[in-house]
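The chain contents come next:
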Amino acid sequence: MSKPPVFPMKAPARGAFITLEGGDGAGKTTLLAALAGRLRAAGLECVETREPGGGGALAQHLRTLLLDKVIAAGPVAQTLLHYAARADHLEQIIAPALAGGQWVLCDRYFDSSHAYQGAGLGVDSGLLDTLDGSIVGDMVPDRTLLLDIDPERARSRQAGRGRSPDRYEAQPDGFAERVRAGFLQRAAAEPDRFRVLDAGLGPDALIAAAWTAIADLLPPDGRDGA
Ligand code: TMP
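Residues numbered from 1 in each chain as written. Predicted model: local features only at pLDDT ≥ 70, side-chain atom pairs only at ≥ 80, totals over all residues. Heavy atoms only, no water.

1. Some words on the sheet that holds strand β2 (residues 46–50)
- What the five strands build is an open sheet, ordered β2-β3-β1-β4-β5; its pairing is parallel. Both outer strands of the open sheet, β2 and β5 (194–198), are each paired with one neighbouring strand and no more. Strand-to-strand twist across the sheet, computed as the mean angle between neighbouring axes with direction ignored, equals 20 degrees.
- Sheet topology places strand β1 (residues 17–22) next to strand β3 (residues 103–107); four bridges connect them, and they run parallel. Directly across from Ile18, in β3, lies its bridge partner Leu105.
- Each of β1, β2, β3, β4 (143–148) and β5 touches helix α1 (residues 28–41); the most contacted strand, β3, lies at about 170 degrees to it. (Pairing = 2+ DSSP bridges. Helix = DSSP H or I, 4+ residues; strand = E, 2+ residues; numbered from the N terminus. Axes fitted to C-alpha atoms, helices over the stretch in contact; angles between N-to-C directions. Contact = heavy atoms within 4.5 Å.)

Shown next, in the form of structure tokens:
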């Protein structure tokens, strides 16, 4: 029987994989930056990224195609382009960062495909599950923060942005409501992975709620945060 090593190797540190989800205008991007700042202040290395667009040049080109409402693309074509961008993102950014022990904070991931293309546009969930099986595999987030917002309130926030709506913001009435219901359904089905946060909270209360929602993933000496 072989002897245990005198200096046992510590298991390599693995960062946590956190995704932020929610309808357009929920405030994910602002929360993600604040959360990343707080993780860094707690001494953790952290990569901020997003979908679609995170990854290499391919994913960035795909983002442009996907958001351009002038380019016709049916729901299935959109789905395949989102997963092509996701495959590139996983390969170029997410998998290497996690393997290197970094935390990954990602603004949208596969739950957005289920909410937007699935619940919003009617793509068959069997297709989405098949794509998840081959492209996402076991790269499932450790925690997903769903910023839940009433679509009416989100629309008034977006109106103040001063830019023209993209493909998904320009969808007809009822789309944002279906997307919201799709997200909430996924959250209800996976309560261990999801935490639902009220996107109507003020910025300080929202970051405090987000920190509490990931506290169990933090190393014991980082839990008090900055
Ligand atoms: P955002 O960067 O402003 O969140 O815009 C990305 C848009 O793309 C947003 O409206 C949601 C949409 N989207 C999908 O429809 N499916 C997806 O899988 C992802 C990641 C995003």
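2. Examining the site of the ligand
- Near the ligand, the surroundings consist of 14 residues, among which Asp24, Arg63, Arg108, Ser113 and Gln117 are the closest.
- When isolated, the ligand has an accessible area of 480 Å², and the protein chains bury 94% of it.
- A molecule is said to occupy a pocket when more than half its atoms come within 2 Å of that pocket's grid points, and by this definition the ligand occupies the largest pocket.
- Top element by residues in the shell around the ligand is helix α4 (residues 110–120). It accounts for four residues. (Near = heavy atom within 4 Å. Areas by Shrake-Rupley, 256 points an atom, 1.4 Å probe, with all protein chains shown as cover. 1 Å grid on protein atoms, 1.4 Å probe; cavity = no way out; pocket = protein on both sides within 12 Å on 5 of 7 lines; lining within 4 Å. Sits in = over half its atoms within 2 Å of the grid points.)

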